[in-house]
Amino acid sequence: MANTAQARKRARQSVATNLHKAAASDVFQKATGVIDRVADKNIIHKNKAARHKSRLSAAIKSLA
């Protein structure tokens with residue numbers, strides 16, 4: 001158990017951050033499928049789709 005106010009606050013913040021990251025991961029999975037389908041139909045270029053997926057992945061990893 002956290003002994004100081006600072007440690008208690010950090011524990012609360014880490015719980016909230018983990019929830020946000022889990023939600024973001026779920027959204028990323030859905031977005032990846034949509035981006036891939038759009039690229040398969042030649043609505044956007046395959047490299048643009050890869051770039052979008054890469055940037056989304058990097059943003060989710062930065063939440064850690």
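Quick notes on the rules
- Residues numbered from 1 in each chain as written.
- Predicted model: local features only at pLDDT ≥ 70, side-chain atom pairs only at ≥ 80, totals over all residues.
- Heavy atoms only, no water.
- Axes fitted to C-alpha atoms, helices over the stretch in contact; angles between N-to-C directions.
- Helix = DSSP H or I, 4+ residues; strand = E, 2+ residues; numbered from the N terminus.
- Parallel < 35°, antiparallel > 145°, perpendicular 65-115°, else oblique.
- Contact = heavy atoms within 4.5 Å.
- Nonpolar A, V, L, I, M, F, W, Y, C, P; charged D, E, K, R; others polar.
- Buried < 20%, exposed > 50% of the residue type's maximum accessible area, 1.4 Å probe, protein only.
- Salt bridge = Lys/Arg side-chain N within 4 Å of Asp/Glu carboxyl O.

Undergrad: Which residues make up the packing of helix α1 (residues 5-40) against helix α2 (residues 46-61), and what are the values?
TA: Two numbers describe a pair of packed helices, the interaxial angle and the distance between the axes. At a minimum axis separation of 10 Å, α1 and α2 run at an interaxial angle of 180 degrees. Between α1 and α2, the crossing angle belongs to the class labelled roughly antiparallel. Across the interface between the two elements, Lys-21, Ala-24, Ser-25, Phe-28, Ala-31, Thr-32, Ile-35, Asp-36 and Ala-39 of α1 pack against Lys-46, Ala-49, His-52, Lys-53, Leu-56, Ser-57 and Ile-60 of α2. When the residues that make up the contact of α1 with α2 are grouped by side-chain class, the tally is eight nonpolar, four polar and four charged.

Undergrad: Residue-level account of the environment of Ile-60, with values.
TA: Looking at where Ile-60 falls in the secondary structure, it is placed in helix α2. Taking the relative accessible area as the measure of exposure, Ile-60 reaches 14% and is therefore buried. Remark: the alpha-carbon pair of Ile-60 and Ile-43, spanning 17 residues in sequence, is separated by 25 Å. In this structure Ile-60 touches Lys-21, Ala-24, Ser-25 and Phe-28, once residues within four positions along its chain are discounted.

Undergrad: Lay out the pattern of salt bridges with the relevant residues and their values.
TA: Counting across every chain of the model gives one salt bridge. Where Lys-53 meets Asp-36, a salt bridge forms, and the shortest distance between an N and an O atom there is 2.7 Å. Of this pair, Lys-53 sits in helix α2 while Asp-36 is found in helix α1, placing the two residues 17 residues apart along the sequence. Classification of Lys-53 by relative accessible area gives partly exposed; the value is 23%.

In short, the description is geometric, and any link to function would need to be established separately.
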